[in-house]
Amino acid sequence: MFVVCLREKRQLRDWDATGTHVFQRTRERVAETMSSTLKKYVLWFAQEHVDFRQAEIASLLRIWNIQMETPADHNPERPFWVVGLQNDEAARKLASRSMSLRCIFELWAHSNDGLTNFHQALRQHIESNAKSLATHFEANKSFKITVETYNKHFSQREKVAKIETMQYLPVEGPVNLKTPDVHYWYIEFWGLDPMDVPEQPYDVLFGRWVADGKRDMINEISLKTRKFIGNTSMDPQLSLLMANQGLVESGHLVFDPFAGSGSLLVAAAKFGAYVAGADIDYMIVHGKSKPTRVNQKVREKDESIYANLQQYGCGGLFVDVLIADFSRSIWADSIVFDSIITDPPYGIREATERIEFKTQRRATAMTEDAVHYPSTSPYQLCQMYKDLLQFSARHLKLGGRLVCWFPMLRKDADSDVLPRHKCLQLVANSEQPLSGYSSRRLLTYEKVSDSEADLGAFEMPATVVENFRERYFTQLAEDNGTRKERRLELREVGRKEAKKRGKQQQPDGKWRFPQDAPDA
């Protein structure tokens, strides 16, 4: 079993060139030697940020060194995954940090061939495992059955009717809907397309609840109640997902070179990491920028990144946030970070700036002892990501991860525009659509080489990325123009239809039948 663990851990870092992970295929090969020792569980997901599930689960398997087996017909877009795990403890560990999971339950019966076969399978499971399941059915064990459906609504009466069809369950204890000793889940899956709901559910599942995901942490660090936020403060769920993909653990040192209001530092600190950051914007670092909240005209004196960490009981994990220009590194070569998690500015809602370098002092310049506020110049995206990947290649520990967002126009999705570096391997690539024409991708890199010769080996097609801001606003104008044209076309169609029905346009611009006119 120890050999299997090492083999699984190494192959979890094996991803294909597009950033899509291939750890599933590896697990299927290894599973032949351990399938007899694994129990079946159901991972029940929240149906949001679907594209981020696989990367998060793969990262959590890596953190906890857990083996997980998936079937050959595994579909990651479904709200449930049937998987093999070693035991309940492994399931609890997996759920203990997941932002995507609603819960995990031990699978007792699963049918994709109708309700009759489901009930037969559940009866058979109870009979064949009577001895091991007896403790769950004892008279002193209270219970609850939760009925969930996906893509079809059931009334409370219909849910109760579903429960009554399982009267053969040998439960003897009392019902407790608030704090049951044993919690059972019954799920019907009616497909993914709300416009094509089948007559019968595609899948029916039943099992014993084991653990809830950690989604309560999303509300715990909600932006609504956070002391200090900015215009581009990261959504709490995405912040926590980034921390998971960065393999952040207690005692790690995590760095954000574009810290802003510190949302990513909060997420990393919630998992026990020491956090440090930097940003070129003096006003945001010191909490003196224009307030973001509606009806707040002046920021409170104690608003700061440190105040956020104190608010969540993580003040002792705050190292510092420096005012620095990332294009001119201030860090000694000897400093090493466990993870770098960041959201660089794209030039849309926040400016991409760097300190302007001047080779000659102008004759009208101030004296040497005068206070000087350096001027800034645009920080081109291509250069920014080059600096970011080269910084990560130098300052990450071997096996450490860089997790960063990368903006794209959706028409460039098939283009080879992602930044690359010889010392960093792309291990995850998840898309978050922002509009019909733009999106951003969460890229996760893992440091795989310490070679000094490769530190400058950066590649990225600059032609697509360099003028991203101009292309974005050009596409926005085109999209707005297209929408306006569509509205005018629809309005003209409405006029023609009104004329066909005998309506006339009145002085107030509205179309009415002659007998309904105001002066008729």
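Refer to the structure presented above.
The following paragraphs examine the structure supplied in this document. Just so it is clear, the structure is predicted and the values come from calculations on it, not from any experiment. Residue indices begin from 1 for each chain and proceed along its sequence in written order. Reporting of local features is limited, given that this is a predicted model, to residues whose pLDDT is at least 70; pairs of side-chain atoms are given and counted only at 80 or more, and all residues count toward the totals for whole chains, interfaces and linings. The basis for the side-chain values is all heavy atoms of the structure; hydrogens and waters are excluded.

### What to know about the pattern of salt bridges
Side chains that differ in charge, positive against negative, can pair when their charged atoms come close.
At step 1: When a carboxyl oxygen of Asp or Glu lies within 4 Å of a side-chain nitrogen of Lys or Arg, that pair is called a salt bridge. Tallied over the entire structure, the rule returns 20 salt bridges.
At step 2: Measuring nitrogen to oxygen at the nearest pair gives 2.5 Å for the salt bridge that ties Glu 220 to Lys 270. Here Glu 220, found in helix α8 (residues 216-220), pairs with Lys 270, found in helix α10 (residues 263-270); they are 50 residues apart in sequence, far enough to count as distant.
At step 3: Type-normalised accessible area, obtained with a 1.4 Å probe on protein chains alone, sets the label of each residue: buried when under 20%, exposed when over 50%, and partly exposed for intermediate values. A relative accessible area of 39% places Glu 220 in the partly exposed class. Working definition: helices are DSSP H or I runs of at least four residues, strands are E runs of at least two. Numbering for both runs from the N terminus.

### Some details on the side chain of Glu 56
At step 1: As for its position among the elements, Glu 56 is in helix α3 (residues 53-64).
At step 2: When charges are counted, Lys and Arg are positive and Asp and Glu negative, with His and the chain ends excluded. Despite its burial, Glu 56 pairs with no opposite charge; the closest candidate is Arg 97, at 7.5 Å N-O.
At step 3: Polar contact criterion, stated in full: a pair of N or O atoms within 3.5 Å, where within protein one must be able to donate a hydrogen and the other to accept it, and residues adjacent in sequence count only if both atoms are side-chain atoms. A distance of 2.7 Å separates a polar atom in the side chain of Glu 56 from the backbone nitrogen of Met 99.
At step 4: A polar side-chain atom of Glu 56 sits 3.0 Å from a polar atom in the side chain of Asn 244.

### Here we look at the pairing of strand β5 (residues 182-189)
At step 1: Counting buried residues along β5, eight of its eight residues qualify, which places the element largely inside the surrounding structure.
At step 2: Any two strands with at least two DSSP-identified bridges between them are counted as paired. Bridging between strand β4 (residues 143-150) and β5 involves eight bridges; their strand directions are parallel. Counterpart to Val 147 in the pairing with β5 is Tyr 186.
At step 3: Here, the term right-handed applies to a crossover whose path from the first strand over the helix to the second runs clockwise when the strands point away from the viewer. With helix α7 (residues 156-164) bridging β4 and its parallel neighbour β5, the resulting β-α-β unit is left-handed.
At step 4: Bridge count between β5 and strand β6 (residues 203-212): six bridges; the pairing is antiparallel.

### Let's talk about the sheet that holds β6
At step 1: In spatial order, the strands read β2-β1-β3-β6-β5-β4; together these six strands make up an open sheet with mixed pairing. Across the chains shown, the open sheet's two edge strands, defined by having one partner strand only, are β2 (80-85) and β4. Within the sheet, the average angular offset between the axes of one strand and its neighbour, ignoring direction, is 35 degrees.
At step 2: Both strand β1 (residues 39-45) and strand β3 (residues 101-111) contribute to a ladder of five bridges, which runs antiparallel. Of the residues in β3, the one forming a bridge with Trp 44 is Cys 103.
At step 3: We call two residues contacting when some pair of their heavy atoms lies within 4.5 Å. Lines fitted to the C-alpha atoms define the axes, with helices restricted to the stretch that makes contact. Angles between their N-to-C directions range from 0 to 180 degrees. Along the sheet face, helix α5 (residues 115-128) touches β3, β5 and β6 and points at about 90 degrees away from the line of β3.

### Points about empty space enclosed by the protein
At step 1: Here a cavity means grid points, on a 1 Å grid over the protein atoms only, where a 1.4 Å probe fits yet cannot get out; a pocket means an open set of points with protein on both sides within 12 Å along at least five of seven lines; lining residues are those with an atom within 4 Å of a point. Grid points are joined across faces, edges and corners, and a volume is the space filled by probe spheres set on the points. Throughout the structure, instances matching the rule amount to two cavities of 30 Å³ or more.
At step 2: Estimated volume of the largest cavity: approximately 70 Å³.
At step 3: In terms of lining, the largest cavity is formed by Phe 255, Pro 257, Ala 278, Ala 324, Asp 325, Phe 326, Arg 328, Ser 329, Ile 330, Trp 331 and Phe 391.
At step 4: Lys, Arg, Asp and Glu make up the charged group, whereas Ala, Val, Leu, Ile, Met, Phe, Trp, Tyr, Cys and Pro make up the nonpolar group; the residues left over, Gly among them, are polar. For the lining of the largest cavity, the class distribution of residues is eight nonpolar, one polar and two charged.

### Things to note about the packing of aromatic side chains
We describe a pair of aromatic rings using the distance from one ring centre to the other and the angle between the two ring planes.
At step 1: Only Phe, Tyr and Trp rings are paired, with Trp represented by its six-membered ring, and only when their centres lie within 6.5 Å; those with planes under 30 degrees apart are stacked, over 60 edge-to-face, the remainder tilted. Enumeration according to the criterion identifies 22 aromatic pairs in this entry.
At step 2: One aromatic cluster is present, formed by Phe 255, Phe 258, Phe 326, Trp 331, Phe 337 and Phe 391 through successive ring pairs.
At step 3: Remark: a charge is flagged as sitting over a ring if the NZ atom of Lys or the CZ atom of Arg is within 6 Å of the ring centre and within 35 degrees of the ring normal. Over the ring of Tyr 168 we find Arg 123; its NZ or CZ atom is 4.1 Å from the centre of that ring.
At step 4: Positioned above the aromatic ring of Trp 405, the side-chain terminus of Arg 440 is 4.0 Å from the ring centre.

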